[in-house]
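The chain contents come next:
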Amino acid sequence: MRLNLSLLLITLYAGQGAWIPYVGLWLTEQGISAVSLSLLFSVMLLSKVVSSPIVAHLCDTSGRPERVGTVLSLGLAACYATLLVPGLPAPVIVALVILASAIAPTLFPIADRLILRISGPGGSNFGRHRLWGSVGFASGTLIAGQIATLGGLDWVIASVACLTVAAILAQVALQWHSLPTPAINDNRGQAPWRVLLGCCAIWPPLIAAALIFASNAHLYTLAPLEWSDAQMTLRSISLIWAAGIAAEVLGFLIGAPILRKFAPSPLLLIAALLSAVRWLIMALWPDPAILLLAQLGQVATVALTSIAFAAAVSRHVPQDAQVSAFAMFTLLAMGPFISLATLASSLVTVSFAVSGFVAMIPVCLLAAGITGIDLAKGGGNSDHQNVRN
C-alpha cells in the first residue's frame, strides 16, 4: 500500500513537473500568440478557483477521495492525449489546456489527504511520504527537458499523458489493496465547507501556511529573468533550482523528528521567519554561490510549512472535511496570494529597481504575525496539548 502511494506521488508530481515548464513553449509552437498566451495563463490560474472547492466537496462527502481522484485522472489523461491529435483548431487546444489546468490542481489535495490517512498520529510521518512528490516533480522536469531536446515538445506532452496513466494505475492499486477505512462521518448532513468554516483553530495556520507558500512567487516567475539579466549562466540557474528541490526533499526527510519537538503553530512561525531571512539574503546578495546556499531555505518555505499544516489539519479538522482544508490551502496559496505576491514583486522591481525578493519578505512576516497572534491567544497551547496526547 505504501509503495502504491509512493508511486502515485511520483507519477502525479512528475506529470506536472513535465507539464508546467513546457506547456507555454508547446502552445507557442501551436501558433498561440504571446498576447493570447498571457491571457490564457491567467484563465488557467483562475480555473482552479472553480474546480478545487467542487472536487473537495465531492471527496469529503463521498469519503473515498481516491475514487474521485481516479475519475479525474482519467479525464486529465484524455485531455493530454487529445492535445496530441494533429490539426486541432486553436480554440479546441485552448479549451483542453484550460480543462487540464482546472483538473490537475484538484488531485494534490486528494494526494495529501491520502498521505495523512497513513501518516500516524498527528500526521507525524507526513513528510516521509510527501517527499516522493518532490522527487517526482524534479525528475519529471529533468526528463522532460531531455525529451524536448531530443524529440521535441510533442513528445513532452505524450510523456505527461503516459505519467497520468501511470498515476491512474497507482490509484487503482491503492483501491485494490484498500487504504485504512475512513472514520465515521460525524457531520453527516452538513456540507464539508461549513464544517471547515466551523473549525476556527485551523484558519490561522491555514492562512499563514498559504502565505509562506505564496512567498515563492518571485522565485517561480521573475527570478530566472532577473538572474539572466545579471549575466548568470543557464547552468548556474539550473543548479540554484536543483539546490532548492534537494533542500525540499531533505526537509521532508527530517520533518518527523522536528514535528515531535515543535507543535504546528510554532513550527509555522519558525518557517515564516526563516523564509523571510532567505528572501532577504537572495535580495541583497545575488551571487550564484550565495543564492545556492540560500536555496537551502526551501526546507522551511515548502517542507516544514507543508508538514506543519498537515499536522494542524490532522489535529483540528474532522476527516470528512480534510480534503476541503487541503484544497482551501492550495487555492489560497496558488491563487490570490501568489498572484498578489507576483504583482508586488513586479511593482517593487519597477518602482525601486531592487530585487523582487524584497517584496516576499513582508509576505512571510505577515504569516509570522498571524501565527504569533494565534500563539498569544492560546492556539499554541492547544497544539502542544494535542502533541502530548
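The rules behind the values
- Residues numbered from 1 in each chain as written.
- Predicted model: local features only at pLDDT ≥ 70, side-chain atom pairs only at ≥ 80, totals over all residues.
- Heavy atoms only, no water.
- Helix = DSSP H or I, 4+ residues; strand = E, 2+ residues; numbered from the N terminus.
- Rg over C-alpha atoms; globule rule 2.2 N^0.38 Å.
- Buried < 20%, exposed > 50% of the residue type's maximum accessible area, 1.4 Å probe, protein only.
- Contact = heavy atoms within 4.5 Å.
- Areas by Shrake-Rupley, 256 points an atom, 1.4 Å probe, with all protein chains shown as cover.
- Lys, Arg positive; Asp, Glu negative; His and termini not counted.
- Charge placed at Lys NZ, Arg CZ, Asp CG, Glu CD.
- Core = buried A, V, L, I, M, F, W, Y, C linked by side-chain atoms within 4.5 Å.
- Disulfide = S-S within 2.5 Å.
- Salt bridge = Lys/Arg side-chain N within 4 Å of Asp/Glu carboxyl O.
- Phe/Tyr/Trp six-rings, centres within 6.5 Å; stacked < 30°, edge-to-face > 60°.
- Lys NZ or Arg CZ within 6 Å of the ring centre and 35° of its normal.
- Expected span 1.5 Å × (residues − 1).
- Axes fitted to C-alpha atoms, helices over the stretch in contact; angles between N-to-C directions.
- Parallel < 35°, antiparallel > 145°, perpendicular 65-115°, else oblique.
- Left-handed = near helix turned anticlockwise from the far one by under 90°.
- Nonpolar A, V, L, I, M, F, W, Y, C, P; charged D, E, K, R; others polar.

Novice: Residues and numbers for the overall build of the chain, please.
Specialist: When helices and strands are counted, the chain shows 18 helices and zero strands. The C-alpha atoms of the chain give a radius of gyration of 20 Å, which matches the 21 Å a tight globule of 389 residues would have. When the backbone C-alpha atoms are referred to their principal axes, the chain occupies close to 55 × 50 × 30 Å. Taking all 389 residues of the chain together, the buried fraction comes to 53%. Taking contacts inside the chain between residues at least 6 apart in sequence as the whole, the part at least 24 apart equals 82%. Looking at the chain as shown, the accessible area adds up to about 16900 Å², and 71% of this sits on carbon and sulfur atoms. Between the averaged position of the 17 positive side-chain charges in the chain and that of its 13 negative side-chain charges there is a distance of 12 Å.

Novice: Lay out the nonpolar core in plain terms, naming residues and giving numbers.
Specialist: Note that soluble globular proteins tend to have their nonpolar side chains buried in a common cluster. Within the largest apolar cluster, 116 residues are counted, with the highest numbers of intra-cluster contacts made by Leu-27, Tyr-80, Leu-83, Ile-202 and Trp-227. Ranked by the residues each element gives to this core, the list is headed by helix H5 (residues 90-117), at 13 residues. If sequence neighbours within four positions are ignored, Leu-27 has contacts with Ile-32, Leu-37, Leu-40, Ile-93 and Val-97.

Novice: Account for the state of the cysteines, naming residues and giving values.
Specialist: In protein chemistry, a disulfide is the covalent bond that joins the sulfur atoms of two cysteines. Tallied over the entire structure, the rule returns zero disulfides. Looking at the unpaired Cys-79, the closest cysteine sulfur is the one in Cys-162, lying at 15 Å.

Novice: Help me get a handle on the pattern of salt bridges, residues and values and all.
Specialist: Summed over the entire model, instances satisfying the criterion amount to two salt bridges. The partner of Glu-66 in a salt bridge is Arg-64, with the nearest N and O atoms 3.2 Å apart. Among the residues examined, Glu-66 registers a relative accessible area of 3% and is labelled buried. Put simply, Glu-66 and Arg-117 hold a salt bridge, and the shortest N to O gap is 3.8 Å.

Novice: Could you give an account of the packing of aromatic side chains, naming the residues involved and the relevant values?
Specialist: Inspection of every chain in the model, using the stated rule, returns nine aromatic pairs. Ring geometry for Tyr-13 versus Phe-108: centroids 4.7 Å apart, planes at 50 degrees, classification tilted. You can see Tyr-13 sitting in helix H1 (residues 2-19) and its partner Phe-108 sitting in helix H5, a full 95 residues away along the chain. Each of the two residues, Tyr-13 as well as Phe-108, counts as buried. Each member of the aromatic cluster is reached from another via a ring pair, and the members are Phe-126, Phe-213, Phe-309, Phe-326 and Phe-329. Across from the ring centre of Trp-193, 5.6 Å away, lies the NZ or CZ of Arg-194, which sits over that ring.

Novice: Please give an account of H1 that cites residues and values.
Specialist: The end-to-end C-alpha separation of H1 is 26 Å, in line with the 26 Å expected for 18 residues at 1.5 Å each. H1 sits mainly inside the fold: 14 of its 18 residues count as buried.

Novice: Can you lay out unusual backbone geometry for me, pointing to particular residues and giving the numbers?
Specialist: One can expect most non-glycine residues to show negative phi and most peptide bonds to be in trans. Backbone geometry places Gln-231, a non-glycine residue, at a positive phi of 65 degrees. Inspection of the secondary structure assignment puts Gln-231 in the loop between helix H11 (223-229) and helix H12 (234-261). Positive phi is not limited to glycine here, since Ala-353 has a value of about 55 degrees. Position of Ala-353 relative to the elements: it lies in the loop between helix H16 (322-352) and helix H17 (360-376). Owing to a relative accessible area of 71%, Ala-353 belongs among the exposed residues under this scheme.

Novice: Any chance you could break down the packing of helix H9 (residues 203-214) against H17 for me, citing the residues and the numbers?
Specialist: Between H9 and H17, whose axes approach to 8 Å, the crossing angle comes to 165 degrees. Judged by the inter-axis angle, H9 sits roughly antiparallel to H17. Relative to H17, the crossing made by H9 is left-handed. In this structure, H9 uses Pro-204, Pro-205, Ile-207, Ala-208, Leu-211, Ile-212 and Ala-214 to contact H17, whose residues at the interface are Met-360, Val-363, Leu-366, Ala-367, Ile-370, Thr-371 and Asp-374. The class makeup of the residues in the contact of H9 with H17 is twelve nonpolar, one polar and one charged.

Coordinates in, geometry out; function isn't part of it.
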